[in-house]
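Structural overview
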Amino acid sequence: MKKISKFIPALIAGFTMLFASCDIFGDLAQEIIGDPVGETCFLNCGITKNMTISGTIASTHSDYIELKPLEKMFYAYNKENGEKKYTFKGHFFYQENLGNPDQGEFWVEVLFLWNNKKNDWDTPNKSFNEMAHNENHFKASGVDLVTSREADINATELKSQKEYDEAYDALSKYVIEKHAGSDDPSGITKESLIEEITAERYQYLENFESALASHDTSKTKVSYEKKDGIYTYFASIDDSKLELMIFSGTGDLFFYPINGETEHDYMMGMYAYNRSKRNQRRWIRENFTNIGSLYDELKSLAAEAKAKVNTSN
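Let us look at the structure shown here. Sequence order as written defines the numbering, with residues in each chain counted from 1. Residues qualify for local features only when their pLDDT is at least 70, as the model is predicted, and side-chain atom pairs are given and counted only at 80 or more; totals for whole chains, interfaces and linings, by contrast, use all residues. The side-chain figures draw on all heavy atoms in the structure; neither hydrogens nor water molecules are used.

Overview of the overall build of the chain
Short version of the rule: Helix numbering and strand numbering both begin at the N terminus, where a helix is a DSSP run of H or I of at least 4 residues and a strand a DSSP run of E of at least 2. The cut-offs for exposure are 20% and 50% of the maximum accessible area for each residue type, with area from a 1.4 Å probe on protein chains only; residues under the lower value are buried, those over the upper are exposed, and the others partly exposed. In what follows, a contact means two residues having at least one pair of non-hydrogen atoms within 4.5 Å.
Scanning the chain from N- to C-terminus turns up nine helices and 13 strands. The 313 residues of the chain split such that 52% are buried. Looking at the chain alone, contacts between residues at least 24 apart form 59% of all its contacts between residues at least 6 apart.

Rendered as structure tokens:
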């Protein structure tokens, strides 16, 4: 099993308190599983919802790889006569790539192999020797699990336990930086922000701000509907489509563009915004007024959409 950095238990404990105070339990009773679920999924694995992809792990191809971030687990299988024929299961996580959404990294830790003779799960260890592997950690590069709803991964790059742990800790550090601390923007300047988030990312924000100059608020729509088993906010702005996630603990709203359905300048600006820290995001909203106005507009419409669904149930 992979190690857990010392700071991770404290993070999990803090967010557990936030989840306990939200309305998830009432939502569960009505099968309206909203923001807290997506939030927990992201904290666990870097993606916000259950997904089913396909691809190769080690040297075995599976037509179906179910990603279940609440469990931090994946289940790989094929189907024969409608029945699941499992291949692997284990841990996974995903690290997005801001500069190029198509170049994210998908990491897996294979915990169990399906043993056809026993008709049960078996630990890798010696079984992997048959596939010319003596490790059970693999990475797939060039993966997009943020804007794409389908992916075919090639997790054949063998990695050590140490490399897997270091990559997972990097994801955990990003999660902490994204959510920890005050949203007080005091002391932030354009120059200091560029230095910290990179000039490339700042340019994405400027392009997003400029593109929003012709934003037509009369065309904006937000719905709250079930997708992949959980309720999600879907927004339409200026003929672009995206998903929204509102974190229960802080009330922060994040933009999740959809590949092929979100205008490029919007998409990259949304990534740059999402990847910034809490106080930086507030500074961005206050200094890029078009982005700030869009944020307020979408948050208000999202609240109305959720209230409408809750009332109807």
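Digging into the pairing of strand β12 (residues 240-246)
Two faces make up the sheet, and in a regular strand the side chains alternate between them. In plain terms, the rule: By this definition, two strands are paired if DSSP reports at least two bridges between them.
Taking burial as the measure, the seven residues of β12 include six buried ones, the bulk of the element. For strand β11 (residues 230-237) and β12, the ladder comprises five bridges, and the chain directions are antiparallel. Pairing of Ile237 across the sheet is with Ser240, part of β12. Between the antiparallel neighbours β11 and β12 lie two residues, among them Asp238 with a positive phi of about 50°. Here five bridges tie β12 to strand β13 (residues 253-257), and the two strands are oriented antiparallel to one another.

Considerations on the packing of aromatic side chains
Condition: Pairing of aromatic rings covers Phe, Tyr and Trp, the last through its six-membered ring, and needs centres within 6.5 Å; plane angles under 30 degrees mean stacked, over 60 mean edge-to-face, and all others mean tilted.
Per the counting criterion, the structure on display carries 18 aromatic pairs. Three or more aromatic residues joined by ring pairs make a cluster, and in this case those are Tyr64, Tyr77, Tyr86, Trp114 and Trp121.

Digging into unusual backbone geometry
The backbone of Lys72 sits at a positive phi, close to 60°, despite the residue not being glycine. Residue position: Lys72 is located in the loop between β2 (60-68) and β3 (73-80). Accessibility expressed as a relative area gives 31% for Lys72, which makes it partly exposed. One non-glycine residue with positive phi stands out, namely Asn81, at about 55°. For Asn81, the location among the structural elements is in the loop between β3 and β4 (83-95).

Observations regarding the sheet that holds β12
Quick reminder of the rule: Axis definition: a line fitted to C-alpha atoms, over the contacting stretch in the case of helices. Angles run 0 to 180 degrees between N-to-C directions.
As summarised here, the arrangement of the four strands in space is β10-β11-β12-β13, forming an open sheet in which the pairing is antiparallel. With one partner strand each, in any of the chains shown, β10 (221-227) and β13 form the two edges of the open sheet. Across the sheet, the axes of successive neighbouring strands diverge by a mean angle of 35°, strand direction being ignored.

A word on the nonpolar core
Side chains of nonpolar character tend, in soluble globular proteins, to be buried together. For the record, the criterion: Only buried residues count toward a nonpolar core, which is a set of Ala, Val, Leu, Ile, Met, Phe, Trp, Tyr and Cys residues joined through side-chain atoms within 4.5 Å.
Ranked by internal contacts, the top residues of the largest apolar core, which has 76 residues, are Ile57, Leu67, Phe74, Phe106, Leu145 and Phe255. When near neighbours in sequence (up to four residues on either side) are disregarded, Phe255 contacts Leu242, Glu243, Leu244, Met270, Tyr273, Asn274, Leu294, Tyr295 and Leu298.

Here we look at the packing of helix α6 (residues 199-211) against helix α7 (residues 264-274)
To keep things clear, this is the line we draw: These descriptions rest on fixed angle ranges, namely under 35 degrees for roughly parallel, over 145 for roughly antiparallel, 65 to 115 for roughly perpendicular, and the rest for oblique. The hand of a helix crossing depends on one turn: near helix anticlockwise from the far one by less than a right angle means left-handed, and clockwise means right-handed.
As a packed pair, α6 and α7 sit with axes 8 Å apart at the nearest point and diverge in direction by 130°. Comparing the axis directions of α6 and α7 gives the class oblique. Pair α6 / α7 crosses with left-handed handedness. The segment α6 lies against α7, with Arg201, Tyr204, Leu205, Asn207, Phe208 and Ala211 engaging Asp265, Tyr266, Met268, Gly269, Met270, Ala272 and Tyr273.

Observations concerning the pattern of salt bridges
Defined as follows: The term salt bridge refers to a pairing of a side-chain nitrogen on Lys or Arg with a carboxyl oxygen on Asp or Glu at a separation within 4 Å.
Applying the stated criterion across every chain yields a total of 14 salt bridges. One salt bridge in this structure joins Lys118 and Asp122, with 3.8 Å as the shortest N-O distance. One salt bridge in this structure joins Lys159 and Glu163, with 4.0 Å as the shortest N-O distance. Looking at Lys159, the relative accessible area reads 14%, which means it is buried. A residue is classified by how much of its surface remains accessible, and Glu163, at 33% relative accessible area, is partly exposed. A single salt-bridge network, built from bridges that share partners, covers Asp183, Asp252, Arg278, Arg281, Arg282 and Glu286.

Looking at α6
Our working definition: Each residue after the first adds 1.5 Å to the expected span of a helix.
Compared with an ideal rise of 1.5 Å per residue, which puts 13 residues at 18 Å, α6 spans 18 Å between its outermost C-alpha atoms and is within 8% of the ideal. At its buried positions, α6 is contacted by α5 (190-197), α7, α8 (278-287) and α9 (289-312).

With respect to the packing of α6 against α9
Going by this rule: Just so you know the grouping, Ala, Val, Leu, Ile, Met, Phe, Trp, Tyr, Cys and Pro go in nonpolar, Asp, Glu, Lys and Arg go in charged, and all remaining residues, Gly too, go in polar.
Between α6 and α9, the least distance of the axes is 8 Å, while the angle of their chain directions is 70°. Here α6 is positioned roughly perpendicular relative to α9, judged by the angle of their axes. Together, Leu205, Phe208 and Glu209 of α6 and Thr289, Asn290, Ile291 and Leu294 of α9 make up the contact between the two elements. Residue composition of the contact of α6 with α9, by class: four nonpolar, two polar and one charged.

Brief notes about the side chain of Gln95
Position of Gln95 relative to the elements: it lies in strand β4. We classify Gln95 as buried; its relative accessible area is 16%. When neighbours within four sequence positions are excluded, Gln95 is seen to be in contact with Gly104, Glu105, Ala170, Leu171, Tyr174 and Arg275.

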